[in-house]
Amino acid sequence: MSVDATELKRRTAELLAAHPPADTAPADFLTARFAAGLAWVHYPVGLGGLDAPRALQAVVDAELAAAGAPDNDPRRIGIGLGMAAPTLLAHGTEEQQRRYLEPLWTGAEVWCQLFSEPGAGSDLAALGTRAVREGDDWIVNGQKVWTSSAHVARWAILIARTDPDVPKHAGITYFVCDMTDPGVEVRPLRQITGEAEFNEVFLTDVRIPDSRRLGAVGDGWRVAQTTLNNERVAIGGMRLPREGGMIGPVAAAWRERPELRTHDLHQRLLKLWVDAEVARLTGERLRQQLAVGQPGPEGAGMKLGFARLNQEISGLEVELLGAEGLLYDDWTMRRPDKVDFTGRDAGYRYLRAKGNSIEGGTSEILLNIVAERVLGLPAEPRTDKDVAWKDLAR
């Protein structure tokens, strides 16, 4: 049966009647919502969805928000929602999907991403973490870096080299790694903000069952493209209201503190306000395109704009506030479970935004993706494409 907006409203009303938010524990409500197919309506029946058009998710979300229903704290579990889930849906087995998707969506299990390495960041395909087959298991050794939420994660999406005798893109395989297994060591990386939301992860003889492999052996780069394309959309194309995100605090300060205003700052704020609104509407269009397929390289453009805007807006905010903008609320070493751009002061936003042009793919790499895969410009010469990974200069 096709599901339309009227049917979704009916099902949402049934959920609310059976599990009143005021009388139901948040975890129980989220579990019931998943079982009702109202978690992500475009997912298959039995996996939190109803095979409905993706655009109709907004209908469910609006009904639940009006009723005061709890959400799943998407900023805390963004890697699971935005990267792991679509990869599991596209490449996972039915058993893997049924095991991982529900606790991922409800937030019972947090995910992290074990992709980047000290010697393989922008050139991710050069990664050196090794996975060697031993019976029904893979033995993994290596180091990953810039791993958000590794300190609170139960599961990780992991790519590792399984064949060093073929070119670098061809010898990679994709796994799900249990972060509680022996041999997994997480160390904090303290950032310029004083916090350590990032980590480095050391893998020493970590045993991963072959049943936790996603896709075929050696097909990890293709599987990883699903993750990376979704990651860029998740970072750069998140749904925001008008004046949501970084532009909100600046616009509020401008309205509430007229003594800070100058003509020059006004002109710059107007330009950035328009840019932020254009980016918001472009993100909405991109999400509508997702309703008919998987994200493509266009997400790279959104993520590029997100990084530039955040850095320019946070710089304007510090300048607008003058000496007050140089203050910083707390340099305490903390290991937060999510990034809170709007819950901290201007100094935090200014410093944290510097990472936006690095995380989720550096702006330089994303410019190449836009040039080659969106605009169709000639690719840069690459001499390593047909060379076995083991023969590459390092």
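That block above? That's the structure.
Before going into details, it helps to say that this report is about the structure given with it. Each chain carries its own residue numbering, running from 1 in the written order of its sequence. Given that the model is predicted, a residue must reach a pLDDT of at least 70 before its local features are reported, and side-chain atom pairs must reach 80 or more before they are shown or counted; all residues, however, enter totals for whole chains, interfaces and linings. Working from all heavy atoms in the structure, the side-chain values ignore hydrogens and water.

Focus on the pattern of salt bridges
Move 1: One side-chain nitrogen of Lys or Arg within 4 Å of one carboxyl oxygen of Asp or Glu is enough to make a salt bridge. One pass over the structure, following the stated rule, counts 40 salt bridges.
Move 2: Between Asp210 and Arg213 there is a salt bridge whose closest N-O contact spans 2.8 Å. There is no split in this pair, since Asp210 and Arg213 are both buried.
Move 3: The residue Asp275 makes a salt bridge to Arg308 at a minimum N-O spacing of 3.8 Å. Placement of the pair is Asp275 in helix α8 (residues 263-290) and Arg308 in helix α9 (residues 298-321), with a sequence separation of 33 residues.
Move 4: Salt bridges linked by common partners bring Glu195, Asp329, Asp330, Arg334 and Arg344 together as one network. The rule is simple: take the accessible area with a 1.4 Å probe, protein chains only, and divide by the maximum for that residue type; under 20% is buried, over 50% is exposed, in between is partly exposed. Only DSSP runs of H or I reaching four residues or more are called helices, and only runs of E reaching two or more are called strands; each is numbered from the N terminus.

Some remarks on the nonpolar core
The nonpolar side chains of soluble globular proteins are, as a tendency, buried together.
Move 1: To form a nonpolar core, buried Ala, Val, Leu, Ile, Met, Phe, Trp, Tyr and Cys residues must be joined to one another through side-chain atoms within 4.5 Å. Membership of the largest hydrophobic core comes to 32 residues, with the highest contact counts inside it found for Trp40, Leu101, Trp111, Phe115, Ile159 and Tyr174.
Move 2: Of all the secondary structure elements, the ones that give two or more residues to this core are α2 (26-35), α4 (78-91), α5 (94-106), β4 (155-161), β5 (172-178) and α6 (220-236).
Move 3: Take this core: its biggest share by element is five residues, from α4.
Move 4: With 20 residues, the next largest nonpolar core counts Cys112, Ala131, Phe175 and Cys177 among its residues.

Remarks on the packing of aromatic side chains
Move 1: Classification of ring pairs uses Phe, Tyr and Trp, with its six-membered ring standing for Trp, and accepts pairs whose centres are within 6.5 Å; under 30 degrees between planes counts as stacked, over 60 as edge-to-face, and the remaining range as tilted. Inspection of the entire model under this criterion finds nine aromatic pairs.
Move 2: When the ring centre of Phe202 is taken as origin, the NZ or CZ atom of Arg187, which lies over that ring, is 4.0 Å away. Geometrically, a charge over a ring is one whose NZ (Lys) or CZ (Arg) sits within 6 Å of the ring centre while staying within 35 degrees of the ring normal.

Quick look at α2
Move 1: Taken together, the buried positions of α2 are occupied by Phe29, Leu30, Ala32, Arg33 and Phe34.
Move 2: Contacts are residue-level and defined by heavy atoms, with any inter-residue pair within 4.5 Å sufficient. On the buried face of α2, the contacting elements are α1 (5-18), α3 (57-66) and α5.

Some thoughts on the packing of α1 against α3
Move 1: As a rule, the C-alpha atoms of each element are fitted with a line to give its axis, helices using only the stretch in contact, and angles between N-to-C directions run from 0 to 180 degrees. For the pair α1 and α3, the least separation of the axes is 9 Å and the interaxial angle reads 35 degrees. When you trace α1 past α3, the crossing you get is right-handed. Between α1, through Ala5, Leu8, Lys9, Thr12, Leu15 and Leu16, and α3, the contact on the second element is made entirely by Val59, Val60, Glu63 and Leu64.
Move 2: Three classes are used, and their members are as follows: Ala, Val, Leu, Ile, Met, Phe, Trp, Tyr, Cys and Pro are nonpolar, Asp, Glu, Lys and Arg are charged, and the others, Gly among them, are polar. A class-by-class count of the residues in the contact of α1 with α3 yields seven nonpolar, one polar and two charged. Note on convention: near helix rotated counterclockwise from far helix by under a right angle means a left-handed crossing. Clockwise means right-handed.

Things to note about the layout of surface pockets
Move 1: Points on a 1 Å grid, built from protein atoms alone, make a cavity when a 1.4 Å probe fits but cannot get out and make a pocket when they are open with protein on both sides within 12 Å along at least 5 of 7 lines; residues with an atom within 4 Å of a point are the lining residues. Grid points are joined across faces, edges and corners, and a volume is the space filled by probe spheres set on the points. Considered as a void within the structure, the second largest pocket measures approximately 190 Å³ in volume.
Move 2: Looking at the second largest pocket, it is lined by 14 residues, and the ones nearest its centre are Gly119, Ala126, Trp389, Ala393 and Arg394.
Move 3: Taken together, the residues of the lining of the second largest pocket break down into seven nonpolar, two polar and five charged.

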